[in-house]
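Fold and geometry: a report
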Amino acid sequence: MESYLKNTLGMKADITIWNNSESLPDELRDGRAYSVLEICGVKCLVISIMTDDFQLSSYLKQQKALEQYCDYPFVLCFDRINSYQRKCLIENLQSFIVPENQLYMPFLGIALQEHFKASTIAGKQLTAMAQYILLYFLYDEESVYHSKLEISQQLEISLMNVTRGVQELEELELLVTKKKGRSSMVTTALPRKELFERAKPYLRNPVQKRLFVKENEILLALPVTGQEALCVVNDRRGTQHKVRAMEKRVFLDTSERLQVVDPAWDTQVSYVELEVWRYDPMRFTDGSIVDSISLKLSLEGESDKTVEMNINKLLNS
């Protein structure tokens, strides 16, 4: 947003975190992020909306309460809005920003609108977060309806990542957002087996990289994957070394405590083959083993009857 304002207006724009947001009541904080924008020497409070449940009527009622915490002009920030929503905002004199698209700040005398465009983010392969969200629905046994906030909390990823991931899956007609009461709920667009079949061409290998590291307690606590997992599920003799999966962000936090080895040269060290995954391999584990769908994808086309049977059992349940 900062670069958009600078490039669009040709003026210096600085954005900082608004430290008072933690003192706000839940109704003013949920599904929103706050920051302070200084532009043309004027400070304003940017309220980034990170949920599809935003209601202008409720927000207008909340403004008086928000004014008790900040006396800057308020500016709403959306990832996207349609022409009707834009019309409603302007009619109610509500400042707003849609980065790379629109800008309306009457308190500065600024009103810019670029053409409306459908924001297409789906590509040839799912992004890691979109695939992670899809797995959440494929492995869901209790309910096919979930709010974006619930998905965010269950998967421990940001609400913004959930919003983008759901949008990507909606563009591919894998998920849909439906009204359930007063809330917008995300659900599958197809029965589980059909959902998986439609998603197949877009699924990606969850493994970002592989390396060999000296065996330690941290690694042994990770879920089993790769050839070791195949040995376990088929109840046959194990591999010469252990194979474990670790999420990328966990790897970045622990990499300094890992000792990389070369099995071809280091004959004195017990080692583990470590797969660094694009999403959390622990979330859908079957006992100590990574989930069957991700395991199949990580094997890069290698077929295994037991893994295929486990996937079919899931899809037909």
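Residues numbered from 1 in each chain as written. Predicted model: local features only at pLDDT ≥ 70, side-chain atom pairs only at ≥ 80, totals over all residues. Heavy atoms only, no water.

This part covers the environment of L195. Within the element layout of this structure, L195 appears in helix 8 (residues 192-199). Judged by relative accessible area, which is 1%, L195 ranks as buried. Considered as a pair, L195 and L134 are 61 residues apart in the sequence and their alpha carbons are 9.2 Å apart. For L195, the contacting residues outside a window of four places in its chain are L134, L138, L174, T188 and L190. (Helix = DSSP H or I, 4+ residues; strand = E, 2+ residues; numbered from the N terminus. Buried < 20%, exposed > 50% of the residue type's maximum accessible area, 1.4 Å probe, protein only. Contact = heavy atoms within 4.5 Å.)

All right, on to the sheet that holds strand 12 (residues 271-277) then. An order of 10-12-11 is seen for the three strands of this open sheet, with the pairing classed as mixed. Every other strand in the sheet has two partners, leaving strand 10 (207-214) and strand 11 (242-247) as the edge strands with one partner each. Going across the sheet, the axis of each strand differs from the next one's by a mean of 25°, ignoring polarity. Bridge count for strand 11 against strand 12 is six bridges, and the pairing is parallel. (Pairing = 2+ DSSP bridges. Axes fitted to C-alpha atoms, helices over the stretch in contact; angles between N-to-C directions.)

Two elements in contact, helix 5 (residues 128-138) and helix 6 (residues 148-155), have axes whose closest approach is 11 Å; the angle formed by their N-to-C orientations is 100°. Of the possible angle classes, the one that applies to helix 5 and helix 6 is roughly perpendicular. Contacts between helix 5 and helix 6 pair Y132, I133, Y136 and F137 from the former with E150, I151, Q154 and L155 from the latter. Grouping the amino acids of the contact of helix 5 with helix 6 by side-chain chemistry returns six nonpolar, one polar and one charged. (Parallel < 35°, antiparallel > 145°, perpendicular 65-115°, else oblique. Nonpolar A, V, L, I, M, F, W, Y, C, P; charged D, E, K, R; others polar.)

Turning next to the side chain of Q102. Its place among the elements puts Q102 in strand 6 (residues 102-105). Within the structure, the side chain of Q102 is placed 2.9 Å from the side chain of R86, a separation counted as a polar contact. (Polar contact = N/O pair within 3.5 Å; in protein donor to acceptor, adjacent residues only side chain to side chain.)

The phi dihedral of E156 is positive, around 60°, even though this residue is not glycine. Examined against the element boundaries, E156 turns out to sit in the loop between helix 6 and helix 7 (159-171). On the basis of relative accessible area, E156 is assigned to the exposed category, the value being 58%.

What follows covers the pattern of salt bridges. Evaluated as defined, the whole model comprises ten salt bridges. K87 is the partner of E91 in a salt bridge, and the nearest nitrogen-oxygen pair spans 2.7 Å. Within this pair, E91 and its partner K87 are both found in helix 4 (residues 83-91), separated by four residues, close to a single helical turn. Here R198 and E173 are joined by a salt bridge, their closest N and O atoms 3.4 Å apart. (Salt bridge = Lys/Arg side-chain N within 4 Å of Asp/Glu carboxyl O.)

So, on to the packing of helix 8 against helix 13 (residues 305-315). In the contact formed by helix 8 and helix 13, the axes pass within 8 Å of each other and the chain directions differ by 130°. If you check the angle between helix 8 and helix 13, you find them oblique. On helix 13, the residues that touch R192, K193 and F196 of helix 8 are I311, L314 and L315. Tallied by class, residues from the contact of helix 8 with helix 13 come to four nonpolar, no polar and two charged.

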